[in-house]
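# Observations on the three-dimensional arrangement
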Amino acid sequence: MPKILTQAQIDQFWGDGCVFPIRVMPQADAAEIRGRLEEFEKKAGGPLKGDLRHKSHLLFSWLGDLVRNDNIVDAIEDLYGPNLLCWTTNFFIKEAHNPAFVSWHQDSTYWGLDKPDVVTAWIALTPSNKGNGAMGFIPGTHTKDQIPHRDTFAQNNLLTRGQEVAVEVDERQAVTIELEPGEMSLHHVRLVHGSPPNPSNDRRIGFAIRYIPTSVAQIAGDDSATLVRGVDEHHHFELEPRPGRDMDPQFVTLHKQITERNAQILYRGTQVKSYNDPKALPDRAA
Ligand SMILES: O=C(O)CCC(=O)C(=O)O
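Everything numeric in this text was worked out from a predicted model, so none of it was measured. (Residues numbered from 1 in each chain as written. Predicted model: local features only at pLDDT ≥ 70, side-chain atom pairs only at ≥ 80, totals over all residues. Heavy atoms only, no water.)

## Let's talk about the site of the ligand
The line we're drawing: Definition of nearness: a residue and a molecule or strand are near each other if at least one heavy atom of the residue lies within 4 Å of the molecule or strand. For this analysis, a polar contact is any N or O atom pair within 3.5 Å, provided that within protein one partner can donate a hydrogen and the other can accept it, and provided that sequence-adjacent residues contribute only side-chain to side-chain pairs. Surface exposure here means Shrake-Rupley accessible area, sampled with a 1.4 Å probe, where a residue is shielded only by the protein chains that are shown. A 1.4 Å probe that fits but cannot get out identifies a cavity on a 1 Å grid over protein atoms alone, an open set with protein on both sides within 12 Å along at least five of seven lines counts as a pocket, and a residue lines either if it has an atom within 4 Å of a point. In this scheme, a molecule is assigned to a cavity or pocket if more than half of its atoms are within 2 Å of the grid points. Under the scheme used here, helices are H or I runs from DSSP no shorter than 4 residues and strands are E runs no shorter than 2 residues, and both carry numbers assigned from the N terminus. Three classes are used, and their members are as follows: Ala, Val, Leu, Ile, Met, Phe, Trp, Tyr, Cys and Pro are nonpolar, Asp, Glu, Lys and Arg are charged, and the others, Gly among them, are polar.
By nearness alone, 13 residues border the ligand, and W122, H193, S195, R204 and R210 come closest of all. The side chain of W122 places a nitrogen or oxygen atom 3.0 Å from an oxygen atom of the ligand. Within the complex, 100% of the 290 Å² of free accessible area of the ligand lies under protein. With respect to the detected pockets, the ligand is housed in the largest cavity. Within the residue set of the shell around the ligand, elements represented by two or more residues are β2 (84-94), β3 (102-105), β10 (193-195) and β11 (204-213). The leading source of residues in the shell around the ligand is β11, at 3 residues. Looking at the shell around the ligand residue by residue, the classes come out as 5 nonpolar, 4 polar and 4 charged.

And the structure:
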């Protein structure tokens, strides 16, 4: 018996590679999370940058709570069973009137994980729609194997290497994922997806949580993850602690070590060494 998804939603995920919209919290709770992010940004003097956009659930207690949100984790359990890790998180923030975009890609390309049992819960903290650079996907592409990608390092591409699929994408097939704050989409790690710039007057903010069953392993280096449900009998990842308060100095140090190691996996084979490297754009996300 599924915990939260309907059988139709489960079938849609496995059939299309994506299912949405799924409400996981009231709009007011999403607004509160946005408010906390923006309160931090105000104090910090500008938008969240560099490594602070990655694994942010280790820095802020309200994101530590979000990755463990029962509605979200129940949906992941409906797809991948009861033993679950949050492998990483990434903020995808597109500022108002900004050229930032995400090229067509499969998430699996550089993540170094040994099997494609990975699902992203993309949580809308603002509306995300055709008017502000919502994500789109090509249904059914998750059933393909790994497709070759080329690295572009394009200036406004939010992906680590500006990677894009090296084959023609039939954009006429694309489906736009429109979400209201507090709703999420779930997409498969092999799904071809991307998003255009945000020409609107407000920021478009998504928080992408990458979940894996504990059986998945990292094969490109040492890595860590957060156990969000069940037991980890596989021990493929060092388990991460839960922050009790925001920007706890011990967690800031740990987060720096973890994101540096994580960046070495994602940027392997390139000149870039960390998310804060000048060659890496400060708002790159995944
Ligand atoms: O937020 C976006 O527009 C793209 C997000 C994305 O590529 C992802 O979550 O894998």
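## Focus: the sheet that holds β11
Inclusion rule: Here, strands pair whenever DSSP counts at least two bridges between them. The criterion used for residue contact is that any of the two residues' heavy atoms lie within 4.5 Å. Think of each axis as a best-fit line through the C-alpha atoms, taken over the contacting stretch in the case of a helix, with angles from 0 to 180 degrees between the N-to-C directions.
Strand order in this open sheet of 7 strands is β1-β9-β4-β11-β2-β12-β13, and the pairing throughout is mixed. The open sheet terminates on both sides in strands that have one partner only, identified here as β1 (18-23) and β13 (238-239). Along the sheet, helix α5 (residues 249-266) contacts β2, β12 (224-229) and β13; its crossing angle with β2, the most-contacted strand, is approximately 85°.

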